[in-house]
Amino acid sequence: MADSRRWVMLGIGTAAQTAGTLYLYGLPFLLPALRRTTDLPLWELGLLVACPSLGMVLALIGWGVLADRRGERFVIGLGLTGGAAFLAGAASAAGPALFVLLALAGAAGSAVYAASGRVVTGWFAPGERGLAMGIRQTSQPLGVAAASAVLPVLADSGGPRLALLVAAAVSALTGIVAALLLVDGPRPTAGRTAAASPASGSPTTAEPAASPGSGAGATHARSPYRSPTLWRVHGASALLVVAQFVVGAYALDYLVTERGWPVRTAGPLIAGAQLVAAAARVLAGRWSDRSAQRLRPLRVIAAGTAAALGALAVAETLHAPPAAPLLLVALIATVSWHGVAYAAVADVAPASWAGRATSAQTVLQNVAATATPPLFGLAVAGLGFGPGFAVAALFPLAAVAVLHGLTVDGRPSTRPPDPGTAAGADGAGRPLSGSAGRRPGVRE
C-alpha cells in the first residue's frame, strides 16, 4: 500500500510547501511596489521582506519536534492556516505591526518546511530520497516563480495589500486540503525483525512499522549531532543560501531599477528561470542518487554557483549586455542544490530525528536568508551591484571548502548491521548507509 500512495503523499507535501513559499520567499517581488508606496530606505525594505525568514528561524525547531511527535498532517494543516491568518492581518497593518505580523506569518508557515521533509523520510527508501527530495524541493522555485509572475502584477493593480491577501487565501486553502488528504508516513515501533525492503528488494534487519497515520513512533536513536557530518552539511547549506538570496531577493529590483526593464516583462522572465531551476533540482537529486557519494554533486553545484556569480559581477561592473542573461543563469544555479543537501541530511539522521534534523537544516539556512537582504541592500547602496555580486561569489566557494573530504553514501547497500551496535545504526546512532537498519515495508 505504501508503494501506491507515496507519490500522492509527496505531491501533497510539495504542493503545501509551494503554497507556503509563495509568501515565505515571494515578498521580495513586492520591492518595486513598496519603493513607490513607502519612504523606507532599501535596507529597511530588505529587512521587511526578510521578516518571514526571521519567523522561520524562531519557530522551525519547535515545529520539527511537534512533527516528530504528532505527524505531518496535523503540523502542515495548522501551520498553513495560521500563517494565512497572520498574513491577512499584515495586509491591513502598517509600521512596526507590519514587521511583526509578517514575522508571525513566517513562523506559522514554516511548519510546512519542518513536516514535508518527514513525508519523504517516511515514505521513501534511502536510494530514492535524492529524487524525492529534489521533487519536494521544487516547491521553492515553483513558489517563487508563481510569486514573481503574480505578486508584482497584483501589487501594480491593487497595491501590496491585494498581493498579501491573495497569498493568504492560497495558504489557507492548501492547508485545509493537506489536513484532509495527507496521510502520515509509517513510523518505527519497538522491536526488530528481518524482512525484505519493498523499495530495493534487499534483505533488511529493521524495526516493524507502525501503521500509516500513526504519528511519531516509539523508537528513539542517539543524537546524530555528536558527529560533525550534519553540522558541516548545515553550514555549507547556509553559505549557499547567502548566494541564493542575494540573487533571488534582488533579481526583480535589479532588472527594473538598474536595467530599466518593465515589471510585467521582468516578472515572467524570472518565473521562467525558476521553472528551469525546479527541473534542475530534480535532476540534481537524481544525480546524487546515482552518485557513489551524495555530496559530490553538491560540491560541483557550489563551484558552478561561484563561477556564475563571478561572471555576473564582472558583467555588471563593466555594464556589459550579458549581465541580464547571467543573472538568470545565477538564479538557476543558486537554487539547484537544495534537494541534494536535504537528502544528505536524511541519509545521516535516524528516523526519530528526521523532523528535527530537517528543521535544523532549514533554520540555519534561514538565519542566512534573514540577514542577507538587508546587508546586501547596504552593500548595494555603498558599492553598487557589481561588487555586491562579487562578494556573494565568495560564499559558495566557502561551501566547497566546508564540504571538502566529507562523504555521505547516497546509495543503498546490502551489508548487514554491525552486531556490536543496535540493528541498523552505527555507534553514534546514525542509520547505516544502505538497506540495513531500515523498517520492513516502510519508506524512510
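Residues numbered from 1 in each chain as written. Predicted model: local features only at pLDDT ≥ 70, side-chain atom pairs only at ≥ 80, totals over all residues. Heavy atoms only, no water.

A. Spatial organisation of the confidence of the model for the protein chain. On average, the protein chain scores 79 in pLDDT, and the residues at 70 or more come to 83%. Every residue in residues 189-219 is under pLDDT 50, and counting partners more than four places away or in other chains gives 87 contacts. (pLDDT = per-residue confidence, 0-100. Contact = heavy atoms within 4.5 Å.)

B. Local environment of the packing of aromatic side chains. Overall, the coordinates contain 11 aromatic pairs when judged by the stated rule. Among the aromatic residues, those joined into a cluster by ring pairs are Tyr250, Tyr254, Phe376, Phe385 and Phe389. Between Arg70 and the ring centre of Phe74, over which it is positioned, the NZ or CZ distance is 4.2 Å. Positioned above the aromatic ring of Tyr342 is the side chain of Arg136, whose terminal nitrogen or guanidinium carbon lies 4.8 Å from the ring centre. (Phe/Tyr/Trp six-rings, centres within 6.5 Å; stacked < 30°, edge-to-face > 60°. Lys NZ or Arg CZ within 6 Å of the ring centre and 35° of its normal.)

C. Up close: the packing of helix α9 (residues 228-258) against helix α13 (residues 338-348). Relative to each other, α9 and α13 sit at 165°, their axes nearing to 10 Å. Taken together, the axes of α9 and α13 lie roughly antiparallel to each other. For the crossing formed where α9 meets α13, the hand is left-handed. Of the residues in α13, those in contact with Thr229, Leu230, Val233, His234, Ser237, Val241 and Gln244 of α9 are His338, Ala341, Ala344, Val345 and Val348. (Axes fitted to C-alpha atoms, helices over the stretch in contact; angles between N-to-C directions. Helix = DSSP H or I, 4+ residues; strand = E, 2+ residues; numbered from the N terminus. Parallel < 35°, antiparallel > 145°, perpendicular 65-115°, else oblique. Left-handed = near helix turned anticlockwise from the far one by under 90°.)

D. Structural detail: the environment of Gln361. Assignment of secondary structure puts Gln361 in helix α14 (residues 354-383). Classification of Gln361 as buried rests on a relative accessible area of 0%. For the pair Gln361 and Ile61, spaced 300 residues apart in the sequence, the C-alpha separation amounts to 9.6 Å. Sequence-distant contacts of Gln361, that is, excluding residues within four places in its chain, are made with Val233, His234, Ser237, Ala341, Tyr342 and Val345. At 2.6 Å, the side chain of Gln361 forms a polar contact with the side chain of His234. (Buried < 20%, exposed > 50% of the residue type's maximum accessible area, 1.4 Å probe, protein only. Polar contact = N/O pair within 3.5 Å; in protein donor to acceptor, adjacent residues only side chain to side chain.)

E. Representation of the pattern of salt bridges in the model. Applying the stated rule across the entire model yields six salt bridges. Taking the shortest distance from any N to any O, the salt bridge between Arg6 and Glu128 comes out at 2.8 Å. With a gap of 122 residues between them, Arg6 in helix α1 (residues 2-24) and Glu128 in the loop between α6 (111-123) and α7 (129-136) connect regions that are remote in the sequence. The class of Arg6 is buried, set by a relative accessible area of 11%. One salt bridge connects Asp156 with Arg36, and the closest N-O pair in it is separated by 2.7 Å. Of the two residues, Asp156 is situated in helix α8 (residues 139-181) and Arg36 in helix α2 (residues 31-37); the sequence distance between them amounts to 120 residues. (Salt bridge = Lys/Arg side-chain N within 4 Å of Asp/Glu carboxyl O.)

F. Examining the packing of helix α10 (residues 263-290) against helix α11 (residues 295-317) more closely. Between α10 and α11, the shortest axis-to-axis distance is 8 Å and the interhelical angle comes to 140°. Viewed along their axes, α10 and α11 adopt a mutual orientation that is oblique. Two secondary-structure elements touch here, α10 through Ala284, Trp287 and Ser288 and α11 through Arg296, Pro297, Val300 and Ile301. Partitioning the contact of α10 with α11 into residue classes produces five nonpolar, one polar and one charged. (Nonpolar A, V, L, I, M, F, W, Y, C, P; charged D, E, K, R; others polar.)

G. The arrangement of α14 in detail. An ideal rise of 1.5 Å per residue puts 44 Å on 30 residues; α14 measures up with 42 Å between its terminal C-alpha atoms. Along α14, the largest kink reaches about 35° and is centred on Thr372; proline Pro373 follows within four residues of it. Once α14 finishes, Gly384 follows within two positions and takes phi at roughly 100°, a positive value. (Expected span 1.5 Å × (residues − 1). Bend = angle between axes of the 7 residues up to and from the residue.)

H. The arrangement of the side chain of Ser110 in detail. Within the element layout of this structure, Ser110 appears in the loop between α5 (96-109) and α6. Ser110 gets classed as buried once you look at its relative accessible area, which sits at 0%.

I. Spatial organisation of helix α3 (residues 42-70). Between its first and last C-alpha atoms α3 spans 41 Å; for 29 residues at 1.5 Å apiece the expected length is 42 Å, and the two agree. Along α3, the sharpest kink reaches roughly 45°, centred on Ala59. Count one or two residues on from α3 and you reach Gly71, which has phi positive near 95°.

J. Molecular detail of the environment of Thr370. With respect to the helices and strands, Thr370 occurs in helix α14. For Thr370, a relative accessible area of 12% corresponds to the buried category. Those residues in contact with Thr370, other than ones at most four positions away along the chain, are Ala50, Ser53, Leu54 and Val57.

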